[in-house]
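Each chain, written out:
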Amino acid sequence: MKVVNLKQAILQAWKERWSDYQWAINMKKFFPKGATWDILNLADALLEQAMIGPSPNPLILSYLKYAISSQMVSYSSVLTAISKFDDFSRDLCVQALLDIMDMFCDRLSCHGKAEECIGLCRALLSALHWLLRCTAASAERLREGLEAGTPAAGEKQLAMCLQRLEKTLSSTKNRALLHIAKLEEASSWTAIEHSLLKLGEILANLSNPQLRSQAEQCGTLIRSIPTMLSVHTEQMHKTGFPTVHAVILLEGTMNLTGETQSLVEQLTMVKRMQHIPTPLFVLEIWKACFVGLIESPEGTEELKWTAFTFLKIPQVLVKLKKYSHGDKDFTEDVNCAFEFLLKLTPLLDKADQRCNCDCTNFLLQECGKQGLLSEASVNNLMTKRKADREHAPQQKSGENANIQPNIQLILRAEPTVTNILKTMDADHSKSPEGLLGVLGHMLSGKSLDLLLAAAAATGKLKSFARKFINLNEFTTYGSEESTKPASVRALLFDISFLMLCHVAQTYGSEVILSESRSGAEVPFFETWMQTCMPEEGKILNPDHPCFRPDSTKVESLVALLNNSSEMKLVQMKWHEACLSISAAILEILNAWENGVLAFESIQKITDNIKGKVCSLAVCAVAWLVAHVRMLGLDEREKSLQMIRQLAGPLFSENTLQFYNERVVIMNSILERMCADVLQQTATQIKFPSTGVDTMPYWNLLPPKRPIKEVLTDIFAKVLEKGWVDSRSIHIFDTLLHMGGVYWFCNNLIKELLKETRKEHTLRAVELLYSIFCLDMQQVTLVLLGHILPGLLTDSSKWHSLMDPPGTALAKLAVWCALSSYSSHKGQASTRQKKRHREDIEDYISLFPLDDVQPSKLMRLLSSNEDDANVLSSPTDRSMSSSLSASQLHTVNMRDPLNRVLANLFLLISSILGSRTAGPHTQFVQWFMEECVDCLEQGGRGSVLQFLPFTTVSELVKVSAMSSPKVVLAITDLSLPLGRQVAAKAIAAL
């Protein structure tokens, strides 16, 4: 018989009562090879014929079951066919369909093309929707049956539906396929959510508790599908987190002016990577703050730490609160953190002793003001601490009784900063005397450092500096003035100049510099600071044109200094005097060297320079420092003698207002300026002391010891102690400056690979990550671009990648990659800008770019996904096998970090595809596991977008990585191609 179509063939089989295998043989005879059964819609046709009557046709159903078992039809075609049936009143038909689903719903697979795998995802989504509608219909009938008094039938069917739902959803693989389908078809997912709500309403009145709890469980599983990647378990067994501690210490010691937002992002990243519970995370922040306060050297550093703890950190927590979902939960977590903190009585007592007040009380008040704690919590915690303090070791009474605590002063200084900024906005020409009064008041005692610390911690220091630059610019020149206004102008110029030098030295010159505006004139102070002011790591040329102004101006200045009894003030152009003083000093030095001037004349000249305005002395010493560097040992004496003369105060009746206060600031500026050169020339100059160490972290390295020894020693001490202190941070920073990024990173990684105990390696990773925060961007480039490829490609080094150091290195590499990638779009922090940035060219020559990238890429995208071209071996490093999500997102590959990441993942891809396994293969597995553990989703913003698509199928062959969640995490599901790759890998598991 010649069969015309599928329907006829099925009817003939039914009429002649063929057995299932007979039917299959005959079907293959009727339909020769060519078209597949799915294209002919076999599953659809069989179900349509089987479901014609009120009850299903058992023979035709047996054909369908045989077709499923012998894989004549795909699972997706069967699921699609089932989901078309919508007459839920025919109980027997529904039950037959549920039985068919039962055959395979927990072991779905597909080994075909990517399109077929995506088809399976969509079919499963349709089947889930069908199951929900079917369950709702059964529940509705049960409710009606209960009212009519015949519940048994409805209850049986509802139980069957819920059982199939549970069986389908309990498989992680199925939920992963549904996750992909949700992204493919958002509208279908919305329909599922509606069905779920409707089902919830119907089942709410159900009396059977077992069925109701089963339904709730299914609902929970469905709702978890969209968020199945962001569920992470938190570390509950640990109480100390050295990374958080070190990040806080680093910021408080070195980066008070840094953006609050970047600190928040860095802390959030650490919290996420290390899975730290919020209460312990906040506790670690407070612990680090108190340790910083206790450790900080007296003077400016102590004020900086106080401002950091009581002004900046509450702001950081306010921003963290926005990041964490649910305000109420966060305030409870902060309260919980304080409860833990109050148990650390010795730490709090020591901080109270150091700060001469109840630190916790002030901190609680600040947190209350910022809405981080409820009023009741604040009062409760205060009472507990008050009770504890009664047992604290008592201080000697009178000793500190009259000294106001720094905390109070800092909290008071914050509103003062705002008021001063407003005062500085006024027209300077209208009331210069009033302004001078304000500035004079700022110079007394430690007022200036208090105000600067408060401004730095609240992000106002840049505008503070800008206002002083404007004032300084305004006072450089005054025309037709009498003696009184001239002296006021000289004082305003001098005070603003000294303040700006002090800010640049204490907080970094970046605070002073304005954003470059094309065409705008650069203010005098900025010009002077960039070209003439000595700074750490900045070498000045004393013969630079900036030190050689107009010779007539120099001659008149020399004559003025040499001949007059004191400096003239009226109509003085202070900016010209400051720029001419260097050349004038050279003239005077030459005259002294050649015996034209006697030492008494030099004394008179130096007294003239520092007698009225201290800024002239600062400019003179700035040049002398550069000049001394260039001289031989026997030529330095007179230059150093001149610095000594300029540094001492002038004991004269005829000085201008606030002279002593200005000299104090001048001396601290000069001491910092000369520190480098005095150390290099082994000279000592005694600067008048204020009783406080102005440079507490200067010159920490032990003399005559190789820096490698110092590095290994300090790391061993830090590792033994388990946390990094501020002094160690400064030593590491100095070593990083001296040895360079590669030397620094390479030697610390060698130390890590020597560790053999698991708990030690984990602690080492946490500490190394925080040490690398000194310059995370550059360290990451070196670690991922040079050190790791070196270890992975050299078989003689593979033994060092064994567990535990190998696991630790993988963890460290991932943490560094994630931190750098998430922050490299932002600006480098001020402390990192000072260092030499790696040249982009280094990375271009290291990893050449393929010029024909776009055309190859377009050709690749238009070709068939299963083409041999795409699925060639990952060892082939051609463009085709390295296609990754980053290229589809057109990520800028001229960026060094993107380039390094892309090449590292190409290397990983080739290791996975190569035939030799070893510790390096194991390392790649640990690296990928850590990536999955730390990431929310391998999407556009993540480092995994650089992973070639072909690597996914290689990775799932590694037993530890063959899980659906891993596949979802490592592929970019925002891209259609990413979803196809994921679906294909998951369906084959």
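What you are looking at is a predicted structure, and each value in this text was computed from that prediction instead of being measured.

Enquirer: Would you mind showing me how to read the overall build of the chain here?
Expert: Secondary structure assignment for the chain yields 47 helices and zero strands. Across the 989 residues that make up the chain, the buried fraction comes to 56%. Only carbon and sulfur atoms are counted for the fraction: they give 53% of the accessible area of the chain, which is about 42700 Å².

Enquirer: Is there a simple way to explain the pattern of salt bridges in this structure?
Expert: Should the charged atoms of two oppositely charged side chains come close, the side chains can pair. Scanning the entire structure with this criterion turns up 29 salt bridges. Across the pair Arg705 and Asp713 runs a salt bridge, and its minimum N-O distance is 3.1 Å. Arg705 sits in the partly exposed class, given a relative accessible area of 32%. Ionic contacts of the salt-bridge type, sharing partners, join the residues Asp349, Asp352, Asp358, Arg385 and Arg389 into one network.

Enquirer: I would appreciate a short explanation of the packing of aromatic side chains in the present structure.
Expert: The way to describe two aromatic rings as a pair is by their centre distance and the angle between their planes. All told, the structure shown has 17 aromatic pairs when counted by the stated rule. Here Phe88 and Trp130 contribute two aromatic rings whose centre-to-centre distance is 6.0 Å and whose plane-to-plane angle is 50°, an arrangement assigned as tilted. Of this pair, Phe88 sits in the loop between helix 5 (75–82) and helix 6 (91–104) while Trp130 sits in helix 7 (residues 114–148), and the two are 42 residues apart along the sequence. Given the relative accessible area of 13%, Phe88 is considered buried. The structure contains a cluster of three or more aromatic residues connected by ring pairs, namely Phe493, Phe497, Phe524, Phe525, Trp528 and Trp574.

Enquirer: Just to check I follow, could you spell out helix 15 (residues 300–323) for this structure?
Expert: An α-helix turns once every 3.6 residues. As a result, residues three or four positions apart point the same way. Here helix 15 spans 33 Å end to end across 24 residues, near enough to the 34 Å set by a 1.5 Å rise per residue. Where helix 15 bends most, at Lys312, the angle is about 35°, and the proline Pro314 comes one to four residues later.

Enquirer: For this particular structure, what's the right way to read the nonpolar core?
Expert: A general trend in soluble globular proteins is that nonpolar side chains are found buried together. Of all hydrophobic cores here, the largest spans 350 residues; its most connected members are Trp23, Trp528, Phe772 and Met928. Counting residues per element, this core draws most heavily on helix 7, at 16 residues.

Enquirer: Explanation requested: unusual backbone geometry in the structure shown.
Expert: Glycine aside, negative phi is the norm for most residues, and most peptide bonds take the trans geometry. Here the bond from Asp803 into Pro804 is cis, since omega is 10°, no more than 30 degrees from zero. With phi around 60°, Asn356 is a residue other than glycine that occupies positive phi space. Within the secondary structure layout, Asn356 lies in the loop between helix 17 (345–355) and helix 18 (359–369). A positive phi angle, close to 55°, is found at Phe658, a residue other than glycine. Mapped onto the fold, Phe658 is located in the loop between helix 31 (637–647) and helix 32 (659–680).

Enquirer: Sorry if this is basic, but what is going on with the packing of helix 22 (residues 432–443) against helix 24 (residues 461–474) here?
Expert: Packed helices, taken two at a time, are described by their axes: the angle between them and the distance between them. Put simply, helix 22 and helix 24 touch, their axes get as near as 14 Å, and they point 130° apart. One finds that helix 22 runs oblique with respect to helix 24. Crossing angle aside, the handedness with which helix 22 passes helix 24 is left-handed. Touching Leu435, Leu439 and Met442 of helix 22 are Phe464, Phe468 and Leu471, all from helix 24. Among the residues forming the contact of helix 22 with helix 24, the class breakdown is six nonpolar, no polar and no charged.

Criteria and cut-off values
- Residues numbered from 1 in each chain as written.
- Predicted model: local features only at pLDDT ≥ 70, side-chain atom pairs only at ≥ 80, totals over all residues.
- Heavy atoms only, no water.
- Helix = DSSP H or I, 4+ residues; strand = E, 2+ residues; numbered from the N terminus.
- Buried < 20%, exposed > 50% of the residue type's maximum accessible area, 1.4 Å probe, protein only.
- Areas by Shrake-Rupley, 256 points an atom, 1.4 Å probe, with all protein chains shown as cover.
- Salt bridge = Lys/Arg side-chain N within 4 Å of Asp/Glu carboxyl O.
- Phe/Tyr/Trp six-rings, centres within 6.5 Å; stacked < 30°, edge-to-face > 60°.
- Expected span 1.5 Å × (residues − 1).
- Bend = angle between axes of the 7 residues up to and from the residue.
- Core = buried A, V, L, I, M, F, W, Y, C linked by side-chain atoms within 4.5 Å.
- Axes fitted to C-alpha atoms, helices over the stretch in contact; angles between N-to-C directions.
- Parallel < 35°, antiparallel > 145°, perpendicular 65-115°, else oblique.
- Left-handed = near helix turned anticlockwise from the far one by under 90°.
- Contact = heavy atoms within 4.5 Å.
- Nonpolar A, V, L, I, M, F, W, Y, C, P; charged D, E, K, R; others polar.

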